[in-house]
Structures are given as structure tokens and as C-alpha cells.
Amino acid sequence: MAATSGAEGTAETQAIWQGRHAPWTPTSKLTKRKHLTKRSQYMMETLSRELEQQSHAQKFPEFRAGDILECTVTVPENRRRTSVVKGLCIAKNNAGWNTSFTIRNIVGNIPIERSYPLHSPNLVDLKVVGSKRVRRAKLYYLRDLGNKFSRV
Amino acid sequence: MGSQNLDMEPEGVVEEAGTPAVPLESRPWSPDSRRCGVVAVKCGMMSLWDKWGVRRPITVLWIDECQVTQTKTEEKHGFNSLQVGAGSKKKKQVPTALLGHYAKHQVPIKRKLAEFQVTRDALLPEGTEITAAHFVAGQHVDVTGITIGKGFQGPMKRHGFKGLPATHGVSKAHRSHGSTGQCQDPGKVFKGKKMAGQMGKDRRTVQNVMVYQVDPSRNLLYVVGQVPGHKGNFVLVKDAIRKIWEGEHLRLNPPFPTYIPKLEDELSIDVADVGPDPYEAAIG
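Summarised in this report is the structure supplied together with it. Computed from a predicted structure; not experimentally measured.

Take the sheet that holds strand β4 (residues 81-86) of chain B next. Two orientations exist for strands paired in a sheet by backbone hydrogen bonds: parallel and antiparallel. All names here are of chain B. Reading across from one edge, β5-β4-β3-β6 is the order of the four strands in this open sheet, with antiparallel pairing throughout. The strands lining the two open edges of the sheet, one partner per strand, are β5 (112-117) and β6 (129-130). Direction of pairing for strand β3 (residues 66-72) relative to β6: antiparallel, over a ladder of two bridges. Within β6, the residue paired with Q67 across the bridge is E129.

Okay, structure coming up:
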């Protein structure tokens, strides 16, 4: 979890609000005041983007559904040992700080699907090792097809 | 109630006739102390991972220049309390009576006022700003707000009634409340009988919400879990009363009566101590 750096923020974080006021500026110092509902939205979006900027996941490559991924994850339940999980990305939910993705693979004739938040500290590394031609953003139809279509 | 000597009068304090002036100074906690709360804006929810990798749902509360607008004392009002105000309004938007109230107590125009009963030793002078540094990460708070309005709702949604069967001859009463009482004795429906009606848009308090993180330079509080109300609405945040009974305030020692800023203070983000590794216990 990243540390923020004060009311002004670093140059990098200031680029998020780009010359406008910072979202936590007291109302009395604003000339134009939007409704608090809108200002709350601005606040949450800025905080989310700031966390994303400082996240270790920034160095991960861009990927989408249809890409074959190799994820290095630490498993907290197993003494934080790192393991490599490989599979086909069948879904990517873009939600800023809460972005998540699902990978599917056949492990010992059993289809396994695993979902991970992209910015989770347990997701150490992510590599794209291949891709399949798909015409969908979400590949849930693979659940109804045989194992050979999900095997990577 | 802590009995403190309040005879000192620092400059710039407005003294009402017949009441002693209230100085702004740090004092130690006493077991009976109750300090002021804060008016904050519910901004929204997000999630944060703590140092052990546990994901926590977080509500972000923003304190928009919360200042003490009126000090009420036992001598003049019969009880000790602090009226605080947050936000800001334009002069033309405020009724003249309220304008007079702000002018009398020499505070800027506020959008939302709320009052918190405090003990004698927790009184603050008018104009004191209460910031996010008033709270300590790791402490618990009670958050009060107006819940989301659901409109006129039936008893199944409003009170969790089970309704009637979908089939087996039930005629047009599948979601109704059924019987409303007994027969000739008592021969009436009791007051307060749960029925359909307005649901939501009422004042509720969520207790024992943990403050996970405090960002004093931005006046943000990150609390765990949910608080009542919509985004953009005002909520009242004060020390959790049940945790005070357990002595949490004596252990964590939040600033009493409030955080008094000093020039040499460097404000950094305060993150709660979440205890030992929860996964260690699982592994054994």
C-alpha cells in the first residue's frame, strides 16, 4: 500500500488533477464549488489513481482476455511461498485500483479458474507468454466447451 | 468529570458574560473523559491491503474544515458541549439568523452544524479547528449518518418478514405481513406493530468502526467497513463509546482534548497496527 505525500503531493501525483484544485482542498478556498457528491467522486478517483501510480503493478505488461499469462504469486496460507500460475486470461475487469482478472487452465484434467486483484501485494509478477485469437472480452463460453479448448 | 483549572485566559478568546474562558491546551485523559467529535463527508469506498496482505474494505471520510462554532458550558447552558461546523456556504445562501450566529461566535459560515456533549476537561475555545489528527489510527469510532432512503417499502424488505407461500391457494397476499394480532383479547393492534412504510432516510449509528489510516495533511480518515448514507453526505464521527468503556482511549492515547498543531510537527500518514500475522495462526 503506497504512502501519499501530503496536501500538495509529488509532481507525479499532481499530474492527476492537472492544474485543478486538489480534491481535499477545503471548500472555503474554492471559487467554484461543485456539489459534494461530485466532489466525492473526484476525491475517490484521485485517490485510486494515485495508488495505482505508486503500485508495483505498474511494471506489468498490458494484457487482455485471450492472452496466456504466467503469474508469480505468493500464497499467504502456505508460509508465503511463491508459486507460478499459468493460464488463459478469460476476463479482465478494469476498475482502476480494483482491477482484477481471471485465468483458467486445466490442471490434471480438472479446469481451474483463479481470480486475482491486479494490485494485490500477493501478485508478485505477471508475464504474457502467448495469446489466442478471441472475439470476446469475456471468455466464459469456454466453461461449456471441452477441456482441450482451455488447455495452455 | 475531570476538574481542571480553567482560569487562564489566552489572547483571542471570546468570553461570554458569566462563563469562564476556555483555554486551548493539551491535557491528560481521565477515565470519564469524553472528547469532541467531528463532522466529515462520506466520500466513497475502496479497498486497501494491510502489511500482511489482508484486504480491507475502506470508507474514506473527509473532514472539511471542522471548527468549533459554539462552546456551551454548565454555568450558562446547564451542560458542557461543543457545537462544531464543517464545510462552507456563501453568505447569500444563509438565513440572516444563522449569519448572526456565526458573526457572534466569530467563525466563518459553515454548511453543517452538529453538537457533541463533552466533559468539562474536553471543552475547546470557539474557532478551534478539529482536524483528522484528532483521531489515531487503530482506534474505533462511532459514525452517525442519515441512511439511504428506500421509500415506501413492504414488510418483507423493511422488517425481514417471510411472506406467504407462492402457491397452494394463496390469493394475492404473497408479500403481505399476514396477521396483525390476536382476537377479542386484546382486541386491538399493538402500537409499533411492524408494517409497511417509509424505509431508510433516518439517522443511524454504526458502532466500533476501526480507523485504519489517518492522513492529516489531507484531512482524510480511512475507516474499515461501511458507514450510513450516500456519498457526499455528512456524517458525525466520534470516539466509540463501547471502546472507551474498555479503556481503548487510555491505551492508544489520542490527543486530548484535540490535536493542537505545533510548527515543528511533521504530519505523516498514520496506519493502524493490525496485530500479528493472521496466516501464522492458520499454519500453526
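Residue and element names in this part refer to chain A. Applying the stated criterion to the full structure yields 14 salt bridges over all chains. Between R49 and E45 there is a salt bridge whose closest N-O contact spans 4.0 Å. Of the two residues, R49 and E45 are both situated in helix α2 (residues 36-53); the distance of four residues between them amounts to about one turn of the helix. Among the residues examined, R49 registers a relative accessible area of 37% and is labelled partly exposed. Several salt bridges converge on common partners, so that one network encompasses R104, E113 and R143.

Further remarks concern the interface of chain A and chain B. Contact residues are listed per partner, giving 35 residues for chain A and 36 residues for chain B. Of the roughly 2900 Å² buried between chain A and chain B, counting both surfaces, carbon and sulfur atoms make up 60%. Counting every contact that joins chain A to chain B gives three salt bridges. Between D277 of chain B and R80 of chain A there is a salt bridge, with its nearest N and O atoms 2.6 Å apart. Our enumeration of links across chain A and chain B arrives at 12 residue pairs in polar contact (both at pLDDT 80 or more). Tallying contributions element by element places α2 of chain A first for the side of chain A that touches chain B, with nine residues.

Turning our attention to the side chain of D142 of chain B. Residues and elements named next belong to chain B. Turning to its location among the elements, D142 is positioned in strand β7 (residues 140-146). Polar side-chain contacts of D142 include one of 3.2 Å to the backbone nitrogen of I241. Beyond its immediate sequence surroundings of up to four residues, D142 is in contact with T205, V206, Q207, N208, L236, V237, K238, D239, A240 and I241.

Turning our attention to the side chain of H101 of chain B. Mapped onto the secondary structure, H101 of chain B falls in helix α2 (residues 96-104). Not counting residues within four places of it along the chain, the set of residues in contact with H101 of chain B comprises Q70, Q83 and L113 of chain B.

All names here are of chain A. Taken in spatial order, the five strands line up as β4-β3-β2-β1-β5 in an open sheet, and their pairing is antiparallel. The outermost strands of the open sheet, each flanked by one partner alone, are β4 (110-117) and β5 (123-131). Ignoring which end each strand starts from, the neighbouring axes of this sheet average 40° apart. The pairing of strand β1 (residues 67-75) with strand β2 (residues 81-93) spans eight bridges and is classified as antiparallel. Residue pairing in the sheet places V73 in a bridge with S83 of β2.

Reading the values: the criteria
- Throughout, residues of each chain are indexed from 1 in the direction in which the sequence is written.
- Numbering of ligands from 1 and lettering of chains from A proceed in the order in which they are written.
- This being a predicted model, a pLDDT of at least 70 is required before a residue's local features are given, and a value of 80 or more before pairs of side-chain atoms are given or counted; all residues contribute to the totals for chains, interfaces and linings.
- The basis for the side-chain values is all heavy atoms of the structure; hydrogens and waters are excluded.
- Here a strand pair is declared whenever DSSP counts at least two bridges between the two strands.
- Numbered from the N terminus, helices here are DSSP runs of H or I no shorter than four residues, and strands are runs of E no shorter than two.
- The salt bridge definition used is simple: a Lys or Arg side-chain nitrogen within 4 Å of an Asp or Glu carboxyl oxygen.
- Burial status follows relative accessibility: with a 1.4 Å probe on protein chains alone, a residue under 20% of its type maximum counts as buried, one over 50% as exposed, and anything between as partly exposed.
- The criterion used for residue contact is that any of the two residues' heavy atoms lie within 4.5 Å.
- Two parts placed together each lose some accessible area; with a 1.4 Å probe, that loss summed over both constitutes the buried area.
- What qualifies as a polar contact is a pair of N or O atoms within 3.5 Å, subject to a donor-acceptor requirement within protein and to the restriction that residues adjacent in sequence count only when both atoms come from side chains.
- For helices, the axis comes from a line fit to the C-alpha atoms of the stretch in contact; other axes are also lines fit to C-alpha atoms, and the angle between any two N-to-C directions lies between 0 and 180 degrees.

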